[in-house]
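What follows is the residue order along each chain.
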Amino acid sequence: MREVIVTIPAAATVSAAVPLDQYIAPFSVTYKASAGTVQVTYDDPFTNSITGSYVAPTLNWISAPTDYPNGAGFLGQPFKAIRISAGTAGDTLTVIQAGIK
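A short tour of the structure in this document, coming up. Because the structure is a prediction, the values reported are computed rather than measured. (Residues numbered from 1 in each chain as written. Predicted model: local features only at pLDDT ≥ 70, side-chain atom pairs only at ≥ 80, totals over all residues. Heavy atoms only, no water.)

Attention now goes to the overall build of the protein chain. From N to C terminus, the protein chain includes zero helices and eight strands. Going residue by residue from the N terminus, the α and β elements of the protein chain occur as β-β-β-β-β-β-β-β. As displayed, the protein chain offers around 5,900 Å² of accessible surface, 57% of which is attributable to carbon and sulfur atoms. (Helix = DSSP H or I, 4+ residues; strand = E, 2+ residues; numbered from the N terminus. Areas by Shrake-Rupley, 256 points an atom, 1.4 Å probe, with all protein chains shown as cover.)

Along the chain, the position of Arg83 falls in strand β7 (residues 81–85). Taking relative accessible area as the criterion, Arg83 reaches 15% and is therefore assigned buried. Separated by 68 residues in the primary sequence, Arg83 and Ser15 have C-alpha atoms spaced 5.8 Å apart. Apart from residues lying up to four places away in sequence, Arg83 is in contact with Val14, Ser15, Ala16, Ala17, Thr37, Val38, Gln39, Trp61 and Leu93. (Buried < 20%, exposed > 50% of the residue type's maximum accessible area, 1.4 Å probe, protein only. Contact = heavy atoms within 4.5 Å.)

The next thing to look at is the nonpolar core. By size, the foremost hydrophobic cluster in this structure holds 17 residues, and its most contacted members are Leu20, Tyr31, Val38, Leu75, Ile82, Leu93 and Val95. Breaking this core down by element, the ones donating at least two residues are β3 (29–33), β4 (37–41), β7 and β8 (92–97). For Leu93, the residues in contact, after removing those within four places along its chain, are Val4, Ile5, Val6, Tyr31, Lys32, Ala33, Val38, Ile82, Arg83 and Ile84. (Core = buried A, V, L, I, M, F, W, Y, C linked by side-chain atoms within 4.5 Å.)

So, on to unusual backbone geometry. Here the residue pair Ala25 and Pro26 is connected by a cis peptide bond, since its omega of 0 degrees sits within 30 degrees of zero. With respect to the helices, strands and loops of the structure, Pro26 is situated in the loop between β2 (18–19) and β3. In this model, Ala11 sits at a positive phi of 60 degrees, which is unusual for a non-glycine residue. Residue position: Ala11 is located in the loop between β1 (4–7) and β2. For Ala11, a relative accessible area of 89% translates into the label exposed. Phi at Ala86 is positive, roughly 55 degrees, even though this residue is not glycine.

This part covers the packing of aromatic side chains. Between two aromatic rings, the relevant description is the distance of the centres plus the angle of the planes. Under the defined criterion, the tally for this structure stands at one aromatic pair. Judged by centre distance (4.8 Å) and plane angle (35 degrees), the ring pair of Tyr42 and Phe79 falls under tilted. Of this pair, Tyr42 sits in the loop between β4 and β5 (62–63) while Phe79 sits in the loop between β6 (74–75) and β7, and the two are 37 residues apart along the sequence. In this structure Tyr42 comes out as partly exposed when scored by relative accessible area, which is 46%. What makes Phe79 buried here is its relative accessible area of 0%. (Phe/Tyr/Trp six-rings, centres within 6.5 Å; stacked < 30°, edge-to-face > 60°.)

Attention shifts here to the sheet that holds β7. Spatially, β2-β7-β4-β5 is the arrangement adopted by the four strands of the open sheet, whose pairing is antiparallel. Of all strands in the sheet, those with a lone pairing partner are β2 and β5, marking the two edges. Pairing analysis gives five bridges linking β4 to β7, with the strands arranged antiparallel. For Val40, the partnering residue across the bridge sits in β7 and is Ile82. (Pairing = 2+ DSSP bridges.)

Read these as spatial facts, not as claims about activity.
Have a look at this one:
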């Protein structure tokens, strides 16, 4: 995929989630955060409960792992989304996933 850059908006502490394609093999995602904590989830970011209007999904976020097959700035195991949290307005996260045009 082309690089995706998300920013923490004013008066917030988390960025929008960047969906990842967990079905691409080998799974290879690189990321760089300007500040904050990079988080990932196994939960589907497209699942939501609808009660007449859109409701944002509730996802279980964990800090991005750094042990094999992952590393600092690299994910080698399939996750469904990535974001930054515990940051301040203007912090950015850049994400690139190999195998997607």
